[in-house]
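Here is what each chain is made of, one letter per residue.
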Amino acid sequence: MISQQDLLKQLRPLHVLVRSTGHITSSGRGFAKMSADDLVGHRVLEAFEVLQPSGVANMSGLRALCGQTVRLRLRNSPDITLRGTVIDDEAEGLILDLSFGIAIVDAVQKFDLTAQDFAPSDLAVELLFLQEAKSSAMAASFSLNARLDGALLAAESEAMTDGLTGLHNRRAFDNAMARLGQSQTGYAILHMDLDLFKHVNDTLGHAVGDVVLKRVASIMRRNTRKDDLLVRSGGDEFIILCPGLLDTTRLTGLSNNLITQISEPFQVEDDDVAISASIGIGTSSLIANASPDEISEIADIALYAAKRSGRGRHVFWTASLGTSLSDLDMPHVAVR
Amino acid sequence: MHGLIFRTIEAFVSDNFGPDVWEKALLDADVQITSFEAMLDYDAALLPSVLKGCASVLDRSHTTILEDIGTYLVTDQSHASIRRLMRFGGQSFVELLLSLDELPGRTRLAVSGLDLPDIKVREHQPHSFTVQCSNGPAEFGHVLVGLLRAMADDYGALAVLEHLGSRDGSEVIEVMVVDTSFAEDRGFSLATDEAQVVA
């Protein structure tokens, strides 16, 4: 018959035999890698600290834990918590049978444990396998999510851009307006329509029309600041949103430059193209506490006024133009 | 069918022969997908088409391709985790062979939904094993042959493997372990750093 001590040594790599004096008489092979010096001969409570239940100070305290789950640690490896049970050996001594529990992953790293350090029936190695497999699967999952996220961003950015000119579209404009509504920054909104564009499209064809629109977009880019939002809001309708720009002289300069450059005659293949542009301007300083939508609306009214007063020019909104397009049926409009 | 299977074929072809070859293989297979995702599910009927496309573009039999994929899984650095997970099966090549019947269970534990065939291993005379695969993706045995060849190298063992074809609905592989310490074992420790796991 195999002795109790040999049986435990073979079956339980993390066990400790303690005699009545509290000294360790034998320990499992698993402790060899965990503890620099042999546990045998040391007092059990000098080698181990019982964490749960707390307040265990002597052999009789330890004996009182028989049958309970205890959590303890080696005093010289305080970061690895062991879990186990205390058994009365019915010869005045105690048997502690321990395992790493959930600390297994840290313990394997720290003590460089191998499969031989665990009992063959122990599920420790399966637990480690599962931990690694889970990490790999998570990594694959993360990478799929990252790719999907990238695709979503690309799709969103595409949905904010006008495919022909590369300018922003109406949706991007609405988003920017919503943001402006939240902030205290002053701003100007310029609504610009091309004059005679329909005529170009009808007589020279859509291909030429597309070239004209791209040219206008590049003129807009050349004349505006980095922070300005350039929008193609419809067929030949554009909007420029200038955060922080309220200065009338500078807005006049910008409008004149745009109109002059857009009005320069040019050729597409062999066709002469002559168009122009009208601009209506609204700024947040014109009406106190107005929402961005209201400012956009008065810029549109100013644009309407610019077109009615002869095209190829820009108009600042003034109170006399009213705040609704239907107010605009007056025959004469002041032009700056 | 689990995306990992398709993703592995894609990675094997693109890594070794270039993305254009993979593109051609998919065109040839007449599959309306340009890239497979590891964590999505695909129609199992795609597998024979994809393999046929690869075989025709790479100009080699699809059984050779399957074997090469098995080897690639173990040896390629981008799949270091698979080599490690295989090494969990045993401390020697023979132990690994004898633990192969656990492989489908281990695989399910690692990735639920990734179903491998049932595997039975018998040591019919010392150092001579028969491995049988049944009830799974057809011709998985060829992947297993490539994978076991690479694992034998990993353990430093010299083994001769042969796929004997199908018998009574099971694929039969014969493994002769000639020398268990023919070359140096590449080594394996249970402890790992995060980088290794993620790779």
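Residues numbered from 1 in each chain as written. Chains lettered and ligands numbered in written order. Predicted model: local features only at pLDDT ≥ 70, side-chain atom pairs only at ≥ 80, totals over all residues. Heavy atoms only, no water.

### Here's the deal with the sheet that holds strand β7 (residues 187-195) of chain A
All names here are of chain A.
Then step 1. The strand order across the open sheet formed by five strands is β8-β9-β7-β12-β13, and the pairing between neighbours is mixed. The open sheet is flanked by β8 (229-232) and β13 (314-316), the only strands paired with a single partner. Sheet twist, expressed as the mean angle between neighbouring strand axes with direction ignored, is 15°.
Then step 2. For β7 and strand β9 (residues 237-243), the ladder comprises seven bridges, and the chain directions are antiparallel. Note on β9: the bridge partner recorded for Tyr-187 is Pro-243. (Pairing = 2+ DSSP bridges. Helix = DSSP H or I, 4+ residues; strand = E, 2+ residues; numbered from the N terminus. Axes fitted to C-alpha atoms, helices over the stretch in contact; angles between N-to-C directions.)

### Considering the interface of chain B and chain A
Then step 1. On the side of chain A, 23 residues touch chain B, which itself brings 17 residues to the contact.
Then step 2. For the chain B and chain A pair, buried surface summed over both sides reaches about 2,000 Å², with 63% attributable to carbon and sulfur atoms.
Then step 3. When residues of chain B are sorted by the area they lose upon contact with chain A, Met39(B), Phe88(B) and Leu190(B) head the list and together hold 28% of the total.
Then step 4. The tally of links from chain B across to chain A stands at three salt bridges.
Then step 5. Across the salt bridge formed by Arg106(B) and Glu126(A), the nearest N and O atoms sit 3.3 Å from each other.
Then step 6. Where chain B packs against chain A, one counts five residue pairs in polar contact (both at pLDDT 80 or more).
Then step 7. Counting residues per element, the ones that place at least two in the side of chain B that touches chain A are α5 (80-87), α7 (103-110) and α9 (194-198) of chain B.
Then step 8. Looking at the side of chain B that touches chain A residue by residue, the class counts come to 10 nonpolar, four polar and three charged. (Contact = heavy atoms within 4.5 Å. Buried area = accessible area lost by both parts, 1.4 Å probe. Salt bridge = Lys/Arg side-chain N within 4 Å of Asp/Glu carboxyl O. Polar contact = N/O pair within 3.5 Å; in protein donor to acceptor, adjacent residues only side chain to side chain. Nonpolar A, V, L, I, M, F, W, Y, C, P; charged D, E, K, R; others polar.)

### Quick notes on the pairing of strand β2 (residues 128-134) of chain B
All names here are of chain B.
Then step 1. Extensive coverage of β2 is indicated by the burial of six of its seven residues.
Then step 2. Where strand β1 (residues 118-125) meets β2, seven bridges bridge the pair, whose relative direction is antiparallel. Paired with Arg-122 across the strands is Thr-130, a residue of β2.
Then step 3. Here β1 folds back onto β2 in antiparallel fashion, the turn holding two residues, of which His-127 has a positive phi close to 65°.
Then step 4. As defined by bridge partners, β2 adjoins strand β4 (residues 170-179) across six bridges and the pair is classed as antiparallel. In the strand pairing of β4, Phe-129 is matched with Val-175. (Buried < 20%, exposed > 50% of the residue type's maximum accessible area, 1.4 Å probe, protein only.)

### A look at the pattern of salt bridges
Residue and element names in this part refer to chain A.
Then step 1. Counted by the stated rule, this structure contains 22 salt bridges over all chains.
Then step 2. The closest approach of N and O atoms between Arg-170 and Asp-174, which form a salt bridge, is 3.8 Å. Taken together, the residues Arg-170 and Asp-174, both in helix α6 (residues 170-182) and four residues apart, mark about one turn of the helix.
Then step 3. Residue classification places Arg-170 among the partly exposed residues on the basis of a relative accessible area of 39%.

### Let's talk about the sheet that holds β1(B)
All names here are of chain B.
Then step 1. One open sheet holds the four strands; their spatial order is β1-β2-β4-β3, and the pairing between them is antiparallel. Both outer strands of the open sheet, β1 and β3 (158-167), are each paired with one neighbouring strand and no more. Within this sheet the neighbouring strands show an average axis-to-axis angle of 20°, counted without direction.
Then step 2. On top of the sheet, helix α8 (residues 140-155) reaches β1, β2, β3 and β4; it is set at about 175° to β3, its chief contact.

### A short note on the packing of aromatic side chains
Then step 1. One pass over the structure, following the stated rule, counts 11 aromatic pairs over all chains.
Then step 2. Taken together, a centroid distance of 5.5 Å and an interplanar angle of 75° make the contact between Phe12(B) and Tyr72(B) edge-to-face. Placement of the pair is Phe12(B) in helix α1 (residues 3-17) and Tyr72(B) in helix α4 (residues 62-75), with a sequence separation of 60 residues.
Then step 3. Its relative accessible area of 4% is what places Phe12(B) among the buried residues.
Then step 4. Accessibility expressed as a relative area gives 4% for Tyr72(B), which makes it buried.
Then step 5. Here Phe36(B) and Tyr42(B) contribute two aromatic rings whose centre-to-centre distance is 4.8 Å and whose plane-to-plane angle is 80°, an arrangement assigned as edge-to-face. Tyr42(B) matches Phe36(B) in its accessibility class, with the two residues each being buried.
Then step 6. Here a set of aromatic residues connected by ring pairs shows up, and it is made of Phe6(B), Trp22(B), Phe36(B) and Tyr42(B).
Then step 7. Taking the ring centre of Phe266(A) as reference, the NZ or CZ of Arg215(A) above it sits at 3.7 Å. (Phe/Tyr/Trp six-rings, centres within 6.5 Å; stacked < 30°, edge-to-face > 60°. Lys NZ or Arg CZ within 6 Å of the ring centre and 35° of its normal.)

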